[in-house]
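Below, each chain spelled out in residue letters.
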Amino acid sequence: MTTSGSFSFQNIKDKLQIPRPWDMVIIFLLNILIAIPVFIIIHQNIIDPQWPFQVDRIVLFVVIVVAIQLLLRLLRRIIIICIALYLVALLVGSLSGNYGFNSVFEDYRFMIYSMSDSPNPQDLILSRLLPFPNKSRILTAVEYENPKIRNFALMATTKGFRDVRGYPQYRTLIQCFAIFKEINTRWNYVSDPKGREYIADASESLMYLSGDCDDHSILMAACVKAIGGTPRLIHTGGHIYPEILIGDKADLETINYLIKKVLFVKESKNKQIHYHIDERGQVWLNLDYTATYPGGPFMSEEILGALTLY
């Protein structure tokens, strides 16, 4: 028994011994890449002690780095092999024009940037890991920082509901509804080439306000995000449609009143508001191209996947 225990301890001790210089560099870089999102998640989900000079953040980050470093050194052989295979796959992807080094960099940059502003940063990692058709291509196509998308969104907010007063906390949502109105009243449904899934960039769909359901969803999500709204895309199997985060159930009551009595009175008369409530109690309103008002009837209510764009 003692011998077995000694052997196990020696095994762990051997694995924790100082690795070769290149192993150390790789493990350290991987540690930092993992530690940053882990730090954001933990920091956002614990009570802020408000220590002077942000000492609590420094201590937390150091503890996370040390813990991850020990874990990576224990598993370094497996990790080095996996990283080598991953780098080969990225090299092939880069050379073939598919998912490669640049895509990884952009995905990581976007994730870290979005996590820092999100109250639930762990959801961003989950949304990246969970399956969604053509996820990488869609994320690239949602060009919310493109000046053409931003300018179109601004134009829409000047045309619709600009004179609505008395709801300052819902100003961004009202402006997003103006974007919805501008796109959906002008949208022209056009199918993809036969036998091929064509994903258009938001700026491409903007030229003629035409395309299929995923093109509409990408453009809607890009415009909504460009002015501070939070969109997500829902995959139902044969259909993709956009939704917008409106808050909790208390917010839903106000939004329901705004849609039916102020903003879309004619379109929503005697009709229901359609929405989904996620696992956190957040309410998401349907913005599909088939709807004439926010929260219009679902073309397909089933959810097989959700891609949130914080």
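Check the entry above for the structure.
Below, the structure is looked at part by part. (Residues numbered from 1 in each chain as written. Predicted model: local features only at pLDDT ≥ 70, side-chain atom pairs only at ≥ 80, totals over all residues. Heavy atoms only, no water.)

### Considering the pairing of strand β3 (residues 231-235)
Part 1 of the reasoning: The buried fraction of β3 amounts to 5 of the 5 residues, a majority that puts the element mostly inside the structure.
Part 2 of the reasoning: A two-sided burial pattern is seen for β3, the buried positions comprising Pro 231, Leu 233 and His 235 on one face and Arg 232 and Ile 234 on the other.
Part 3 of the reasoning: Of the strand pairs in this sheet, β3 and strand β4 (residues 240-247) are connected by 5 bridges, and their pairing is antiparallel. Considered in β4, the bridge of Arg 232 is made with Glu 243.
Part 4 of the reasoning: The hairpin formed by β3 and β4 contains 4 residues between the paired strands, and Gly 237 there has a positive phi angle of roughly 120°.
Part 5 of the reasoning: Note: β3 against strand β7 (residues 305-308), 4 bridges, orientation antiparallel. For His 235, the partnering residue across the bridge sits in β7 and is Gly 305. (Buried < 20%, exposed > 50% of the residue type's maximum accessible area, 1.4 Å probe, protein only. Helix = DSSP H or I, 4+ residues; strand = E, 2+ residues; numbered from the N terminus. Pairing = 2+ DSSP bridges.)

### Focus on the nonpolar core
Part 1 of the reasoning: Formed by 52 residues in total, the largest nonpolar core has its most connected members in Ile 138, Phe 177, Leu 219, Ile 244 and Ile 255.
Part 2 of the reasoning: Those elements that provide at least two residues to this core are α7 (135-141), α8 (147-159), α9 (171-184), α10 (202-208), α11 (213-226), β4, α12 (249-263) and β6 (283-286).
Part 3 of the reasoning: Sequence-distant contacts of Ile 255, that is, excluding residues within four places in its chain, are made with Tyr 170, Leu 173, Phe 177, Ile 246 and Leu 285.
Part 4 of the reasoning: In terms of nonpolar packing, the next biggest core, distinct from the first, is built from 10 residues, Leu 60, Ile 64, Leu 72 and Ile 79 among them. (Core = buried A, V, L, I, M, F, W, Y, C linked by side-chain atoms within 4.5 Å. Contact = heavy atoms within 4.5 Å.)

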